[in-house]
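So the chains spell out like this:
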Amino acid sequence: MAVCIAVIAKENYPLYIRSIPAEQELKFHYTVHTSLDVVDEKVSAMGKALVDQRELYLGLLYPTEDYKVSLLSRLGIPCVKSMFPNQLHRYGYVTNSKVKFVMVVDSSNTALRDNEIRSMFRKLHNSYTDVMCNPFYNPGDRIHSRAFDNMVTSMMVQVC
């Protein structure tokens, strides 16, 4: 299940961030920006190795475990009932114009194959291209497109 999808500009500022649940958007904003160092490392390594420049998918950036703590209050004293590990995987994609897409996937319940993530990035890239082709959009501004937002929402719900 994709829990966050972000579009980051060439200069590393966010053009679009969408997360589920929306209350954790700041946490995912931080998570996406920490992933940018790994994206830059992978892009520079690809440039040195003279790999096919048409391959835009960077693959798994890194996995982490995030713990959800369930609190149980006994006689007014909070105590930890249990801790649930939450596997979060970050995937990356870079366009030819150096715009970066980062997707955070919660894989504690479901396992997504690499080609499913790759096809999600292709759909995201096609929708981003549609936004760029809009004559009323100024490149570099935040993305405020209903069609783009609906596509991202459908991608997040579809994977669930």
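Residues numbered from 1 in each chain as written. Predicted model: local features only at pLDDT ≥ 70, side-chain atom pairs only at ≥ 80, totals over all residues. Heavy atoms only, no water.

(A) Examining the overall build of the protein chain more closely. A tally of regular secondary structure across the protein chain gives three helices and five strands. Listing every helix and strand of the protein chain by position from the N terminus yields β-β-α-β-β-β-α-α. Sequence-distant contacts, at least 24 apart, represent 57% of the contacts inside the protein chain between residues at least 6 apart. Only carbon and sulfur atoms are counted for the fraction: they give 56% of the accessible area of the protein chain, which is about 9,500 Å². (Helix = DSSP H or I, 4+ residues; strand = E, 2+ residues; numbered from the N terminus. Contact = heavy atoms within 4.5 Å. Areas by Shrake-Rupley, 256 points an atom, 1.4 Å probe, with all protein chains shown as cover.)

(B) Representation of the nonpolar core in the model. Of all hydrophobic cores here, the largest spans 27 residues; its most connected members are V7, M103, F121, L124, I143 and F148. At the level of secondary structure, the elements contributing two or more residues to this core comprise β1 (2-8), β2 (14-19), β4 (77-94), β5 (100-106), α2 (114-132) and α3 (146-159). A per-element tally of this core places α2 first, with six residues. The contact partners of L124, leaving out residues within four places of it in the chain, are I5, F101, F148, M151, V152 and M155. A6, I17, V32 and V104 belong to the second largest nonpolar core, which has eleven residues in total. (Core = buried A, V, L, I, M, F, W, Y, C linked by side-chain atoms within 4.5 Å. Buried < 20%, exposed > 50% of the residue type's maximum accessible area, 1.4 Å probe, protein only.)

(C) Fine view of the confidence of the model for the protein chain. Scored by pLDDT, the protein chain has a mean of 80; 76% of the residues are at 70 or more. Strand β3 (residues 57-74) is the least confidently modelled element of the protein chain, averaging 63 in pLDDT, while β2 averages 93, the highest of any element. Between residues 67-84, whose pLDDT stays under 50, and residues either more than four places distant or in other chains, the model counts 24 contacts. (pLDDT = per-residue confidence, 0-100.)

(D) Spatial organisation of the packing of aromatic side chains. According to the stated counting rule, one finds five aromatic pairs in the structure shown. Ring centres of F101 and Y128 lie 5.5 Å apart, and the angle between their planes is 75°; on these two criteria the pair is classed as edge-to-face. One end of the pair, F101, is in strand β5; the other, Y128, is in helix α2, and 27 residues separate them in sequence. Considered together, F101 and Y128 belong to a single accessibility category, that of buried residues. An aromatic cluster of three or more residues is present, and its members are Y57, Y93, F101, F121 and Y128. Against the face of F28 rests K27, its NZ or CZ located 5.4 Å from the ring centre. (Phe/Tyr/Trp six-rings, centres within 6.5 Å; stacked < 30°, edge-to-face > 60°. Lys NZ or Arg CZ within 6 Å of the ring centre and 35° of its normal.)

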